[in-house]
Amino acid sequence: MTVKTEAPPVPAAMVRPPTDTKKQSWTGLWFVLPFVAFYALFLVWPTFLGLYYSFTDKSLTGRAASWIGLDNWFEAFGDERAWNALWNTAEFTLYSTPPLVVLSIVFALLVNRARRIGWFLRMAFFAPFVVPVSVVTMIWIWIYQPDGGLLNHYLELLGLQNADTNQIWVQGEGGVAMWSVVITTVWWTLGFNFLLYLAALQTIDPSVYEASSIDGANWWQQLWRITLPLLNRTTAMVIVLQLIASLRIFDQMYIMTGGGPNRESEVAIHYIYIAGFEGFRIGYASALSYVLFVLILIISIFQFRLFSRKED
Amino acid sequence: MTAVQERSTAAEAGRPTAVRRRRLFKWRGKKPSVGAVIVYIAAGLLGVFWLLPLVWAVSTSLKSETEASLGQDIHWIPREWSIEGYKVLFERGDHLTWMLNSTVVSTIVTVLTLVLCTLAAYGFSRFDFPGKNIVFGSIIAGLMVPGQALIIPLFDLVNALHMGGTYWGLALPQVVAPVMVFILKRFFDGIPRDYEEAAKLDGAGHFRILWNVILPVSGPIMAAVGIFTFIGSWNNFLWPMLIATDPSMMTLPVGLQAVAGGYGLFYAQTMASAVLGAAPLLIVFLVFQKRIVEGVAGVGLK
């Protein structure tokens, strides 16, 4: 720092692009304006509109809304069904995040070692990610069929299940429904995390491994002392992205279990949907949305800090 | 044996380490170690295993309804190949409508996202204007707003704008992607300004510079942003489900879901519609595989 201050100061105009005249400086605004207009209309405005609605009894039926203060919020915090939905969301996040992180590391490590069939593996692991959710659920409901489905058939064949008592999966009680959706989700979305890890692995300089081999490190030590520490930042990013994605779970859960059995798999967005579009209570659904919103916001702040750290 | 030994000792006398290393390397190249073989077999099996659900869907779709039905034993290769399931779907024609709707909506979303985000990113990257930091800061804050939590007011807004059940109502709310502005700006920031200065001296305007100088070197990142926007929009479910209640306006994922229950016990038909639903993007993916893989790397790491 001291060295720098001693150097003669460079005029700012020489470093930055010419932005001398007033006219030029407004030009930039015209470039960003179209996006900002969209952004204001479809993101900023609904954000505040939703907050406003949460203090009203606005209804989907179109009758005039009136201000009811914190009533929706009090109701939300006392609503057992809302807590249940929030808990189920947390449960799904808790179950789905570890396999989606750990398995994607394992897959990426494998592919990084088996480079000659890398094209095939990348294709195999990432292909499900581009399949629409309704197709994914169609296929998995078919696989999960209790009587004569693919999964039960092989479980019986392996002697893990009695042929007379078929396991019910997507409507299975005691968390089975939730786990069925977790497995489907892992199969469907793992490819993205996998590619992030694969890309990170391929930036590691091979000479690091050569050096440690000469020092007598085996692959296990290399994995724990070199590879995983070098992947730390990728892991942090993948975990945060995954948490946010998992907290927003709706599509596959809604289609596969419909929230059942006994609301065991009814998640937050599903309940928001029910309150708003089936119960017609826009005001109350907005308050519920904001609870989820704040939760995701907290995690997003970590994400934002990760992003901005990279800027340095 | 002795001859070989003699030769190797003779060579070692000359340049011992170099020769030994080269021989070791060659041996490795020809005959992979046991560990490598295990890794290849494990990885290959895992890859095949991961594709099984898709293979099972294709297999079921190519059976006759009786052969596909639940009472039958599990077999992967149809005993009697049949495209009955596909025929029924094509006769009904819904799929083509939904595919067309999805194509229109995803194309609008992708084109608008690319245009708006590129202009905005260029503006933020190359200009100073009053309020720039506030505007950019608020867009960065938008990174943290989860879209799904906004569906209620957004639905209300789109209906108030009389866009409910239209392509615009389906597409426009999906266009706002602060993360794409952020990614593109970061990329534009890294492009050296020398070329632009030269172009400016030649009298080129800002749009010219963007078009002729910036965009030609931004191919891969634009492709990544475009492909991901397209995939995201094509597979979007919740928003189109809320907006497109009329079957003629449904996108592919919503339409498939709407009729999924209606197939009842026609599993060959169900799986045929699954295969048709998966096919367009799978083909796009296979064609652009390299771009997509690089895109994830670029978006994730840079």
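Residues numbered from 1 in each chain as written. Chains lettered and ligands numbered in written order. Predicted model: local features only at pLDDT ≥ 70, side-chain atom pairs only at ≥ 80, totals over all residues. Heavy atoms only, no water.

Looking at an unreviewed UniProt entry, one finds chain B named Carbohydrate ABC transporter permease, with Glycomyces niveus as its source organism. Quoted verbatim from the Subcellular location (unreviewed entry) heading of the UniProt record, the comment on chain B is "Cell membrane". Word for word, the UniProt comment on chain B under Sequence similarities (unreviewed entry) is "Belongs to the binding-protein-dependent transport system permease family." (UniProt positions renumbered as here; feature names shortened; annotations may be inferred.)

Chain A appears in an unreviewed UniProt entry as Sugar ABC transporter permease from Glycomyces niveus. Turning to chain A, the UniProt annotation filed under Subcellular location (unreviewed entry) states: "Cell membrane". Per UniProt, the comment on chain A under Sequence similarities (unreviewed entry) is "Belongs to the binding-protein-dependent transport system permease family."

Q: Could you clarify how one ought to interpret the overall build of chain B in this entry?
A: The number of helices and strands found in chain B is 17 helices and 0 strands. Split into buried and exposed, the 302 residues of chain B put 49% on the buried side. Carbon and sulfur atoms make up 67% of the accessible area of chain B, which totals about 14800 Å². (Helix = DSSP H or I, 4+ residues; strand = E, 2+ residues; numbered from the N terminus. Buried < 20%, exposed > 50% of the residue type's maximum accessible area, 1.4 Å probe, protein only. Areas by Shrake-Rupley, 256 points an atom, 1.4 Å probe, with all protein chains shown as cover.)

Q: I'm lost on the confidence of the model for chain A in this one. Help?
A: Close inspection of predicted coordinates is inappropriate in any region flagged by low pLDDT. Residue and element names in this part refer to chain A. Averaged over all residues, the pLDDT of chain A is 84; the fraction at 70 or higher stands at 90%. Mean pLDDT per element in chain A: helix α1 (residues 2-6) is the minimum at 38, and helix α5 (residues 80-113) is the maximum at 93. Scored below 50 in pLDDT, residues 1-23 makes 9 contacts in the model with residues more than four places away or belonging to other chains. (pLDDT = per-residue confidence, 0-100. Contact = heavy atoms within 4.5 Å.)

Q: Help me understand the UniProt feature "transmembrane region" (unreviewed entry) in chain B in this model?
A: Residue and element names in this part refer to chain B. In the numbering adopted here, UniProt assigns the feature "transmembrane region" (unreviewed entry) to residues 33-56, 98-122, 134-155, 167-188, 209-231 and 266-288. End C-alpha atoms of residues 134-155 are separated by 28 Å, and the span's content is 64% helix alongside 0% strand. When the span residues 167-188 is considered, its composition is 91% helix and 0% strand, and the gap between its end C-alpha atoms is 32 Å.

Q: Would you mind showing me how to read a nonpolar patch on the surface here?
A: Together, Trp26(A), Trp30(A) and Leu33(A) give the surface a local cluster of nonpolar side chains, amounting to about 350 Å² of exposed area. Within the secondary structure layout, Trp26(A) lies in helix α3 (residues 22-53). (Patch = residues over 30% accessible without salt bridge, like charges linked within 9 Å, V, L, I, M, F, W, Y side chains within 5 Å. Salt bridge = Lys/Arg side-chain N within 4 Å of Asp/Glu carboxyl O.)

Q: What is the right way to look at the interface of chain A and chain B in this model?
A: Bring the parts together and some accessible area is lost; that lost area is often taken as the interface size. Listed per partner, the contact involves 99 residues of chain A and 102 residues of chain B. Summed over both sides, the interface between chain A and chain B buries roughly 9000 Å², with carbon and sulfur atoms accounting for 80% of that surface. Area buried by chain A at its contact with chain B is led by Phe31(A), Phe35(A) and Trp142(A), which between them contribute 10% of it. Counting every contact that joins chain A to chain B gives 1 salt bridge. Note that Asp156(B) is salt-bridged to Lys58(A), the shortest N-O span being 3.9 Å. Along the contact surface separating chain A from chain B lie 12 residue pairs in polar contact (both at pLDDT 80 or more). Here the side of chain A that touches chain B takes 22 residues from α3(A), the largest share from any one element. Among the residues forming the side of chain A that touches chain B, the class breakdown is 69 nonpolar, 19 polar and 11 charged. (Buried area = accessible area lost by both parts, 1.4 Å probe. Polar contact = N/O pair within 3.5 Å; in protein donor to acceptor, adjacent residues only side chain to side chain. Nonpolar A, V, L, I, M, F, W, Y, C, P; charged D, E, K, R; others polar.)

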